[in-house]
Amino acid sequence: MTGAVLVHRLMPLAAAIAPLLVAACGNSDTNFSQYPGFAEYFAANPRTQVLPTPAERALLEQHRPRLFLPPGNPGLIDFYGDYVAQGALNDAQGNLVSDRVTQDLLNRYRDDPHALFIHHPATAPVRPTVYARVDRETVASPGGAPEVFTFLTYNAVFRVSGLPAGMSSWQEFFLGLVASLDDWHQLDHYTAATLVLDGAQRPAALMMQQHNLVRTYLIGRDVELPADGRPLIDIAIRSNEFYPHALGQVRRRAAPMPTIAGIRYLISGQGQPAFEADDITDGVTEATYGLAYLPHDDAFYAFQGWLGERRRLPGRSGPPGADYNTIPDLKRRSAQMFAGYFREGSAADLAHLDATGADGRSHVDGRFARLQAETFFRDRACVAQNIAAC
């Protein structure tokens, strides 16, 4: 085979993995936790050892989501009991610290960006667990009085994460030659839903983690909350991302990061960035699980190293803690809520996006969040008045 023919035949494979190379952090010795801006954010907003009060636990229990798994999904696991308990921790020099890792030990290495935990699955999960927490922020609506929003966040845990099921057949073929599409990286714990309560403790919005961005759905229009107060959520095939529950198999527009181009595709349905892929949901089996609570400074949220083995292809190494779910500019819960609030086909949202990207930036930031906040509060008032045009 000549060199020219070999290059031609490898071009589809190179194209398939190109987005993974772009998405990887520039410094291969560290992961996304070291992305510029995180250190400053957490210095200004230090994590606490707070745990939910009995009243908050009752609220979290009342609203815990109903999660629907697609066919073949192995289900939820417990982070410490089923994942961390089966693996080994290595230090920055690559030396084995212990192959009997506990919560206390993992937390001792929490702030080391070079620490590496490798999962060695030994038994099937026996403790499906969702980790629940409460956060509050004071938010002022445009021209309105400050209002305290309550964010009830639920993080599910999966042993592995796969690639979106909406990939083209040629992408699946070529990527399948070099890696498992179902086990792209160890551990998926960014997978989360947040029910937002307004100042009167009424459900206002539902936020769902979809890759490294968060989508916001207005309750009463975009999604309905059942009488029991428990949101209905579908878990995507392979990627485990969260979407509103629907009957049957549904294709969902997806973008891996909150980029201008990615969100433009989510709104317009046109110009999908090259080599990105949609998610597919088919929620048929409801997951059973228990709730657990961890302090906000626990390694589950705050670990800076790798919580899964390091693999050769960029994007395949284990993630850091669950707090690193999106870019630093959007770390405040309210910023995620507003920046993730946009609707398919909305010309106004596209105009806000264009205004945000006018200086050539690639990602949305606080400016887009502020513009979308105006839309959120206007639409929220519209829904509260039961106006059909909403």
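Located above this text is the structure these notes cover.
(A) Focus on the nonpolar core. Judged by nonpolar contacts, the single largest core of 59 residues is most densely connected at Phe79, Leu106, Tyr131 and Phe376. With 30 residues, the next largest nonpolar core counts Leu76, Ala193, Leu291 and Tyr293 among its residues.

(B) Spatial organisation of the pairing of strand S11 (residues 213-218). Burial runs high along S11: six of the six residues are buried. Side chains Leu213, Arg215 and Tyr217 of S11 all project onto a buried face; the interleaved residues Val214, Thr216 and Leu218 project onto the opposite face, where all are buried too. Of the pairings in the sheet, the one linking strand S10 (residues 203-210) to S11 comprises six bridges and is antiparallel in character. If you follow alanine 205 over to S11, its bridge partner there is leucine 218. In this antiparallel pair of consecutive strands, S10 and S11, the connection spans two residues, and histidine 211 shows a positive phi of 60 degrees.

(C) Structural detail: the packing of helix H7 (residues 260-268) against helix H10 (residues 347-356). For the pair H7 and H10, interaxial distance at closest approach is 10 Å and the crossing angle is 170 degrees. Here H10 runs roughly antiparallel to H7, going by the angle between their axes. Contacts between H7 and H10 involve Ile260, Ile263, Arg264, Ile267 and Ser268 from the first element and Asp349, Leu350, Leu353, Asp354 and Thr356 from the second. Tallied by class, residues from the contact of H7 with H10 come to five nonpolar, two polar and three charged.

(D) Just the pattern of salt bridges, in detail. Scanning all chains against the criterion turns up 30 salt bridges. Here glutamate 61 and arginine 64 are joined by a salt bridge, their closest N and O atoms 2.7 Å apart. Among the residues examined, glutamate 61 registers a relative accessible area of 39% and is labelled partly exposed. The exposure class assigned to arginine 64 is buried, which follows from its relative accessible area of 17%. For arginine 221, the salt bridge is made with aspartate 222, and the minimal N-O distance between the two is 2.9 Å. Taken together, the salt bridges that share partners define one network made up of Arg47, Arg133, Asp135, Asp323 and Arg333.

(E) Quick look at the sheet that holds strand S12 (residues 232-235). Judged by pairing direction, the sheet is mixed, and its four strands sit side by side in the order S13-S12-S1-S16 without closing on themselves. The open sheet has two free edges, formed respectively by strand S13 (242-244) and strand S16 (285-286), since each of these has just one partner strand. Relative to S13, S12 runs antiparallel, the two sharing three bridges. Bridging across to S13, isoleucine 235 finds its partner in phenylalanine 242.

What counts, and at which threshold
Residues numbered from 1 in each chain as written. Predicted model: local features only at pLDDT ≥ 70, side-chain atom pairs only at ≥ 80, totals over all residues. Heavy atoms only, no water. Core = buried A, V, L, I, M, F, W, Y, C linked by side-chain atoms within 4.5 Å. Buried < 20%, exposed > 50% of the residue type's maximum accessible area, 1.4 Å probe, protein only. Helix = DSSP H or I, 4+ residues; strand = E, 2+ residues; numbered from the N terminus. Pairing = 2+ DSSP bridges. Axes fitted to C-alpha atoms, helices over the stretch in contact; angles between N-to-C directions. Parallel < 35°, antiparallel > 145°, perpendicular 65-115°, else oblique. Contact = heavy atoms within 4.5 Å. Nonpolar A, V, L, I, M, F, W, Y, C, P; charged D, E, K, R; others polar. Salt bridge = Lys/Arg side-chain N within 4 Å of Asp/Glu carboxyl O.

Keep in mind these numbers describe shape, not what the thing actually does.
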